[in-house]
Amino acid sequence: MLNTRLHCFAGVALLLASSARPAPAQTTAQHGKRTASLVIRNALVIDGTGTPASGPYDILIENNRITRMYPIADAVAAVIGGQGNRPKADAEIDARGKYVLPGLINAHAHVQDERAGVPQEQDYELKIWLASGITSVRDVGSDTRKTIPLREKIAAGEIAGPRLFHYPFFIAPTIPATPAEARARVQDLKKAGVDGIKITGIKRDVMEAMLDEAHKLGLRVAHHAAVEETNAWDDIKFGTTSIEHWYGIPDAAIPDGVQNFPADFNITDETHRFRYAGHLWREADPARLKDVLAAMVKANVAWVPTLDIYEASRDLQRAQGQPWFTDYLHPTLEEYFKPNPMNHGSYFIGWTSVDEAFWKENYQIWFRALRDFERMGGTIAAGDDAGFIYQMYGFGLIRELELEQEAGFPALKILQHATSNGAKVLGREDDLGRVRVGWLADLIVVNGNPLENLKVLYPTGTDAVKDGKIVHTGGVEWTIKDGIPYHGPTLLKEVKDIVARARARRAGEKR
Ligand SMILES: [Zn+2]
């Protein structure tokens, strides 16, 4: 059936080719240059809502919006009828054999231009993000004085990068200690022009006041729900937008109200903290956990689990030996990842096989909770929290998607988490995260089918067998952000050059 239809199209294509109509003057899209119109031809579309792939389409983009999607069958019929044509545009991308998706939304990331005080080119992170197909980033903690101007420059097209949504740390530079101080801080942040606020390590009364004030001012709140005074029940009660990571969820379902820690446990010691986090899911009572998840759904509290950022805890060697480190790991990041109690997340000092075994079990219970949460109607979004614990920007988000597959989610739902669900968490479901007419032109053109293999989304691609030969395939060919096309391989080459220069500089310093 499908074959017959394809043959039928091929016949029409021949007919089109042999017609006397002059070929429209088209130029291939240019890296970093927006034209008044851009057409993506022959696109198989995964639209980001969890519905099946469809197409092919010719997608017309005018300036920064998707303005029309022409199903090719209709375009052809119109030509045969003598009254239509396939759309023309100032530039074009041929997506034949490729898949077009909404740009990915990294719902938990950090804008970083340094690690442990050592400078790192801002471009390094921005370019890997784009090369990984990320067109929006929810930055949940960075330097507001730098990030807001950066956000504006990117929005104006002066710097290549994803859209930034800045959610600064609520507790920096000082911790608001009273409800009155909490309200004042929320007001100050609103004036500074933030998009939302990130909370963690917060007392209950301060949390209640800050969330009340944030609601009044229309600011969204992301809660890194640690093992602390508050847990998921407080997020449910006070109306947090999203729980980041996970701890506060099982912590809300522990029968005794507190985890069974050893007597010498000190949560400030990160080796302790991460070791016993590996025991937390097993201590949650399954029935209570379901109640917590159901209440989160009812209160519209979303969940951004960042599965990838804990993976080193269950398999340290895997995390340390990721193949893209060879060419793309910045020496500053490399240094930061080394075990060092001074660096957040570099806690692998005396990490044991026992720790890994507990963490493997921890993941299984976590995976089940995520599946239950979605089945009940909960919103899951995808974020990578990269720049810590051996996760590289962008690559970490693709790994996040792979881990969701391990958790048992179908690929269409996983891609929904990374696109339209991310938009929902940002409060931008009306113009971001979908391939749909009227939506902003944030799209990616992927070399391969992510429904078959999510690894095609890695900017460095993957291997496949074609015609009996091993070929290198995959990668994001084009990332279109706000109608500006960025060529994936070009971005990746630039990232490689940044790293090579940084390594040479470092080697020079050491001489
Ligand atoms: Zn984070």
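Read on for an overview of the structure. Predicted, not measured: the structure shown is a model, and the values here were computed from it. (Residues numbered from 1 in each chain as written. Predicted model: local features only at pLDDT ≥ 70, side-chain atom pairs only at ≥ 80, totals over all residues.)

**Here we look at the nonpolar core**
For the record, the criterion: Take the buried Ala, Val, Leu, Ile, Met, Phe, Trp, Tyr and Cys residues, join any whose C-beta atoms are within 7 Å, and the set you get is a nonpolar core. For the exposure call, what matters is how many other C-beta atoms sit within 10 Å of a residue's own: 20 or more marks it buried, 12 or fewer exposed, and in between partly exposed, using C-beta atoms placed from the backbone. Only DSSP runs of H or I covering at least 4 residues are called helices, and only runs of E covering at least 2 are called strands; the numbering of each starts at the N terminus. Here the bounds of each domain stem from an automatic or database domain assignment. By definition, residue pairs are in contact when their C-beta atoms, positioned from the backbone, come within 7 Å.
Among the nonpolar cores identified, the biggest contains 145 residues, and Ile59, Val100, Ile197 and Met210 are the most heavily contacted of them. For this core, the element with the most residues is helix H16 (residues 353–375), which contributes 7 residues. Taken domain by domain, this core gets at least three of its residues from each of domain 1 (2–101) and domain 2 (103–426). In this structure, Ile59 is in contact with Val39, Ile40, Ala43, Ile66, Met69 and Val100, ignoring residues within four places of it in sequence.

**Considering unusual backbone geometry**
Omega for the bond connecting Gly55 with Pro56 falls within 30 degrees of zero, at 10 degrees, which places this linkage in the cis form. For Pro56, the position within the fold is in strand S2 (residues 54–62). Cis rather than trans, the peptide bond between Ala172 and Pro173 has omega equal to 0 degrees. For Ala116, which is not glycine, the phi torsion reads 50 degrees and is therefore positive. By the secondary structure assignment, Ala116 is in the loop between strand S7 (114–115) and strand S8 (118–119).

**Concerning the sheet that holds strand S13 (residues 242–244)**
Adjacent strands of a sheet form backbone hydrogen bonds with each other and so pair up, either parallel or antiparallel. For clarity, the threshold we go by: A pair of strands is treated as paired once DSSP finds two or more bridges between them. Note on geometry: axes are C-alpha line fits, over the in-contact stretch for helices, and angles between N-to-C directions span 0 to 180 degrees.
With parallel pairing, the 4 strands of this open sheet are ordered in space as S11-S12-S13-S14. Taken across any chain shown, the strands that pair with only one partner, and hence form the sheet edges, are strand S11 (196–199) and strand S14 (302–304). Adjacent strand axes in the sheet meet at a mean angle of 25 degrees when their direction is disregarded. Of the strand pairs in this sheet, S11 and strand S12 (residues 220–224) are connected by 4 bridges, and their pairing is parallel. Following the sheet pairing, Lys198 is matched in S12 by Ala222.

**As for the sheet that holds strand S9 (residues 134–139)**
Taken in spatial order, the 3 strands of this open sheet run S6-S9-S10, and their pairing is parallel. The open sheet has two free edges, formed respectively by strand S6 (104–109) and strand S10 (163–166), since each of these has just one partner strand. Strand-to-strand twist of the sheet, defined as the mean angle between neighbouring strand axes without regard to direction, takes the value 15 degrees. Here 4 bridges tie S6 to S9, and the two strands are oriented parallel to one another.

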